[in-house]
Each structure stands twice: as C-alpha cells, then as structure tokens.
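So you can see what is in the structure, the chains are spelled out below.
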Amino acid sequence: MISNLKKMSFSTVIPLIIILTLLSLGILIPIISMVIFGAILAYYVRYISKKIRPYVKYDTLSVFLGMIILAIPVVLLLYFTFSQFLSIAGSFFGSLQQAATGNSTMNMPQITDAVQNLGLPDNISQGIADTIKSGITQFISYIAELTVDLVSSIPGIAAQLLILIFSVFYFARDGDKVIAYVNDVIPDKDKEFYRQVFASADDVLKSIIVGNVIPAAILGVLSGILYFLLGYPYAILLAIISGIAMFIPIIGPWIIYGVIGIFSILIGNTFQGVMVILFGWIIETSTDFYIRPRISVQYSEVHPLVFLLGFIYGAVTMGIPGLFIGPLILGITYAAFKIYRKEKMKSKSS
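Residues numbered from 1 in each chain as written. Predicted model: local features only at pLDDT ≥ 70, side-chain atom pairs only at ≥ 80, totals over all residues. Heavy atoms only, no water.

Asks: Teacher, can you tell me more about the overall build of the chain here?
Replies: Within the chain, the secondary structure is distributed over 13 helices and zero strands. Across the chain, every contact between residues at least 6 apart in sequence was considered, and the portion connecting residues at least 24 apart equals 65%. Accessible surface computed for the chain: about 22,100 Å², of which carbon and sulfur atoms make up 72%. (Helix = DSSP H or I, 4+ residues; strand = E, 2+ residues; numbered from the N terminus. Contact = heavy atoms within 4.5 Å. Areas by Shrake-Rupley, 256 points an atom, 1.4 Å probe, with all protein chains shown as cover.)

Have a look at this one:
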C-alpha cells in the first residue's frame, strides 16, 4: 500500500487530505468545542499525572488519578452549592408557588409598604406594586420553563460530558504521540518557528487557568466578606454563586449583585441594597478588568486585551468551554504574529 502511495501524484494527495479533513470537521462541528476543551483540560491532567507517576505503576492509572484530582474540587463545590440551594429553595417553595397562583401568603406586604412609603399617589403606588407582583409571577414562570428545558436537555448534556471525559483521557494519555506526529509533518525549516509557538501556547495555557480560577476565587472571597458585613444570610453560598457567576458571559456576577440589591431595596433595606450594588460593582470591575488580565499576563507575553477579549467573546460564542478556548486561540494567534515579526526583523537585520 505504501509503494502504491508513493506512485500517486503529490498533487492528488493534498486535495484528498483536505477533502477528508473538511468532511471530518463537518461531522465534528457539533462537538468540536468539547473536543478542544478536553484537549485543554488534558494539559492540566498531564501535569498532575506526571507528578504522581513515580508513585503508581501504570500511565493509564496516573491519568485516571489526575482526572479525579482535577475533578474533586469541582464536584465538591457543585455538591455544596446545590445541596444548600435545594434546602433554601425548599423552604421558600410554598410561598413562591402561592405567589405564582396569585394566592400569595407573601402577598408582598413588605414590597407594597416600601412602595407606599415613597409618598406617591395611591393609584401610582398601586400600579407599581401590581407591576412588581406581575414581574415576580412572570419570573417564576420563566424559571419553571427554564427548568423544563434543562431537564429535556439532560441527554444532550450527558453526551457532551461523555465526549469531554473521553477527550480529556485520550489527549492526556496520548498527548506525546500527537506532539510527535505534528513534529514529523512540520518542515525542518519551520521547526524553530513552531517550537516558539508551542512554547507560547504552553504559557497561554498556564495563564488561562490562573486567569479564570483565581479571579473567580478572589471575587467569591471578597463577595462573601461583603455579604457577611452587610448581614445577608447564607453569605458563604452567595459567595460561591457570585464566584461561579463570573464565568457567565457579559453579565457575570452582576446578576447576583443586582437581584440581591434590588430585592433588598424593595423590602425596605435601602442601605443594604445600595451597598451591595455599589461594592459589588467595585469588586466585579476590579477583578474582571484589573486582576484577571494582570495575573494572566504574568505567565505570557500576550497583551491583557487579547486575554480579555478571549475570555468574554470566547464564552459568548462557545459557552463555558469558550472561557478556555477563546483565550487560547487569540493568545496563540497573537504569539504567532509576534514571533513571525521577530523572525522577519532578525532576517532583515542580518
């Protein structure tokens, strides 16, 4: 077969490879983000597995242990968050259900009193109160629809997670083979360029995890302190939710600060509500626009704006995987142009 391949015209091999590659990408498009995300996570799993490899007998076992170690903090965080959230939701479910049917035991007396205390005419106050009640009813209906959609999408989510798990495992276990293959097909004259690009990719991958996890942890801690000082119940749970919300594209933790602040104002705790919105804005802005780019760029020479755009618009276009894929693609692209410019300048000077 190899001898026959050698007889083939090189001009027919390349088009065939291109066509097969395009067809393969067409098949993989729905899951390509998860495959790439798995390759990125495999980078961190390989780092962990290399640390524990001297203590275990098999490479496969070290990869499994690396995946478990990487997953443990996430699983514990999700378990604590959802268990606390479900206990809180259970205590409020009856009241919310009655509010949705119009037989509210809440009947929003605190909100009505707060609106009336504004000193507006009775008809305007009543209109505002009715609007708020209608908004709450619509919000509960929206949450119910969202829950139904989430339940219906469980099979798709499970399939995506399964693809992610297998991608992480095989990329972590066979990563050296992938690198060796890429190295074999690169022309010798271009190897130095690609070596520098791969080194930059390594730095970008380090900065991505630092630029996502650490800022979210910092924001969660600062938010927890804010909630505690302002006297909010479940301050730890609210802090975790705020930190996780930092991964939400565009709005981020604002969805938490805004809801908590507005609700506090409506029930009469104006100072508490204003403070959580004001200081929440300070925490979110300083974390997202200063701390995140600052600590990310320490691990790479990529400009902070490139990381910021990658984090935001990567998440907008690809969801949570885009938080990692976006900065990686933009970071490598930036590094490639920078290395190319450097080589061109070097060749001109010589």
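Asks: Which parts of the structure should I look at to understand the layout of surface pockets?
Replies: It is a probe the size of a water molecule, rolled over the atoms, that shows where empty space is left. Reported here for the second largest pocket is a volume of approximately 1,500 Å³. Together, 33 residues line the second largest pocket, and Ala 39, Phe 171, Val 178, Ile 179 and Leu 205 are the ones closest to its centre. For the lining of the second largest pocket, the secondary-structure elements that each account for two or more residues are helix 2 (10-28), helix 3 (32-52), helix 7 (154-185), helix 8 (191-229) and helix 13 (322-349). Sort the elements by how many residues they give to the lining of the second largest pocket and helix 3 lands first, with 12 residues. A class-by-class count of the residues in the lining of the second largest pocket yields 27 nonpolar, two polar and four charged. (1 Å grid on protein atoms, 1.4 Å probe; cavity = no way out; pocket = protein on both sides within 12 Å on 5 of 7 lines; lining within 4 Å. Points joined across faces, edges and corners; volume = space filled by probe spheres on them. Nonpolar A, V, L, I, M, F, W, Y, C, P; charged D, E, K, R; others polar.)

Asks: How should I be thinking about the packing of helix 3 against helix 7 in this particular structure?
Replies: What describes two packed helices is the angle between their axes and the distance between those same axes. The contact between helix 3 and helix 7 brings their axes to 7 Å, and the two run at 50°. Comparing the axis directions of helix 3 and helix 7 gives the class oblique. Seen along the crossing, helix 3 lies across helix 7 with a hand that is right-handed. In contact with Met 34, Val 35, Phe 37, Gly 38, Ala 39, Leu 41, Ala 42, Val 45 and Arg 46 of helix 3, helix 7 contributes Gln 160, Ile 163, Leu 164, Ser 167, Val 168, Phe 171, Ala 172, Gly 175 and Asp 176. Here the residues of the contact of helix 3 with helix 7 are counted per class, giving 12 nonpolar, four polar and two charged. (Axes fitted to C-alpha atoms, helices over the stretch in contact; angles between N-to-C directions. Parallel < 35°, antiparallel > 145°, perpendicular 65-115°, else oblique. Left-handed = near helix turned anticlockwise from the far one by under 90°.)

Asks: Looking at this model, I keep getting lost on the packing of aromatic side chains. Mind explaining?
Replies: Ring pairs (aromatic) are described by centroid distance and by the angle formed between their planes. In the structure shown here, the tally under the stated rule is 10 aromatic pairs. With centroids separated by 5.2 Å and ring planes inclined at 40°, the aromatic side chains of Phe 37 and Phe 324 adopt a geometry described as tilted. Within this pair, whereas Phe 37 is found in helix 3, its partner Phe 324 is found in helix 13, the two being separated by 287 residues in sequence. We note that Phe 37, like Phe 324, is buried. (Phe/Tyr/Trp six-rings, centres within 6.5 Å; stacked < 30°, edge-to-face > 60°. Buried < 20%, exposed > 50% of the residue type's maximum accessible area, 1.4 Å probe, protein only.)

Asks: Looking at this model, I keep getting lost on the side chain of Ser 167. Mind explaining?
Replies: In this structure, Ser 167 sits in helix 7. At a separation of 2.7 Å, a polar atom in the side chain of Ser 167 contacts the main-chain carbonyl oxygen of Ile 163. Every residue in contact with Ser 167, bar those within four places of it in the chain, is listed here: Met 34, Val 35 and Gly 38. (Polar contact = N/O pair within 3.5 Å; in protein donor to acceptor, adjacent residues only side chain to side chain.)

Asks: Help me understand the side chain of Gln 196 in this model?
Replies: Secondary-structure assignment places Gln 196 in helix 8. Judged by its relative accessible area of 15%, Gln 196 is buried. Residues contacting Gln 196, with those up to four places away along its chain left out, are Ile 339 and Glu 343.

Asks: Hey, could you run me through the environment of Val 197 in this one?
Replies: Residue position: Val 197 is located in helix 8. Note on Val 197: relative accessible area 9%, which makes it buried. In contact with Val 197, other than residues within four places in its own chain, are Ile 332, Ala 336 and Ile 339.

Asks: Would you explain helix 7 in this entry?
Replies: Think of an α-helix as 3.6 residues a turn; residues three or four steps apart then line up on the same face. Compared with the 46 Å implied by 1.5 Å per residue over 32 residues, the 41 Å span of helix 7 between its first and last C-alpha is markedly short. Turning to helix 7, its buried residues number three or more, namely Leu 164, Ser 167, Val 168, Phe 169, Ala 172, Asp 174 and Gly 175. (Expected span 1.5 Å × (residues − 1).)

Asks: Where do I start with the pattern of salt bridges in this structure?
Replies: Opposite charge on two side chains allows them to pair when their charged atoms are near. Under the counting rule described, the total for this entry stands at five salt bridges. With its nearest N and O atoms 3.9 Å apart, the salt bridge here joins Asp 188 to Lys 191. Accessibility expressed as a relative area gives 27% for Lys 191, which makes it partly exposed. (Salt bridge = Lys/Arg side-chain N within 4 Å of Asp/Glu carboxyl O.)

Asks: What's the story with the nonpolar core in this structure? I'm lost.
Replies: Side chains of a nonpolar character, in soluble globular proteins, are inclined to be buried together. Core analysis: the largest hydrophobic core is formed by 23 residues, its most contacted members being Phe 37, Ile 40 and Ile 208. Of all elements in the fold, only helix 3, helix 4 (59-101), helix 7, helix 8, helix 12 (304-318) and helix 13 reach the threshold of two or more residues within this core. In terms of residue count, the dominant contributor to this core is helix 3 (seven residues). The contact partners of Phe 37, leaving out residues within four places of it in the chain, are Leu 164, Pro 321, Phe 324 and Ile 325. Core analysis: the second largest hydrophobic core is formed by 16 residues, Leu 230, Met 275, Val 276 and Ile 283 among them. (Core = buried A, V, L, I, M, F, W, Y, C linked by side-chain atoms within 4.5 Å.)

Asks: Explain the confidence of the model for the chain to me, please; I cannot follow it from the model alone.
Replies: Note: predicted coordinates in regions of low pLDDT should not be interpreted at a detailed level. In the predicted model, the chain carries a mean pLDDT of 77, and 76% of its residues have values of at least 70. Mean pLDDT values for the elements of the chain range from 52 in helix 1 (residues 2-7) up to 88 in helix 3. Low pLDDT, under 50, characterises residues 94-100; the stretch is placed with 13 contacts to residues that sit more than four places away or in other chains. Segment residues 102-107: pLDDT under 50, and 10 contacts once partners within four positions in sequence are set aside and those in other chains are kept. (pLDDT = per-residue confidence, 0-100.)

Asks: I tried to follow the environment of Thr 60 on my own but got confused; where do I start?
Replies: With respect to the secondary-structure elements, Thr 60 resides in helix 4. The sequence separation of Thr 60 and Ala 172 amounts to 112 residues, and the corresponding C-alpha distance is 9.2 Å.

Asks: What is the right way to read a nonpolar patch on the surface from this model?
Replies: Among the surface-exposed residues, Ile 251, Trp 254, Ile 255, Val 259, Ile 265, Val 274, Leu 278, Phe 279, Trp 281 and Ile 282 lie close enough to one another that they form a single nonpolar patch of about 830 Å² accessible area. Put simply, the parts of the chain that give the nonpolar patch at least two residues each are helix 10 (254-266) and helix 11 (270-297). Here the nonpolar patch takes five residues from helix 11, the largest share from any one element. Here Leu 278 falls in the partly exposed class, since its relative accessible area comes to 39%. (Patch = residues over 30% accessible without salt bridge, like charges linked within 9 Å, V, L, I, M, F, W, Y side chains within 5 Å.)

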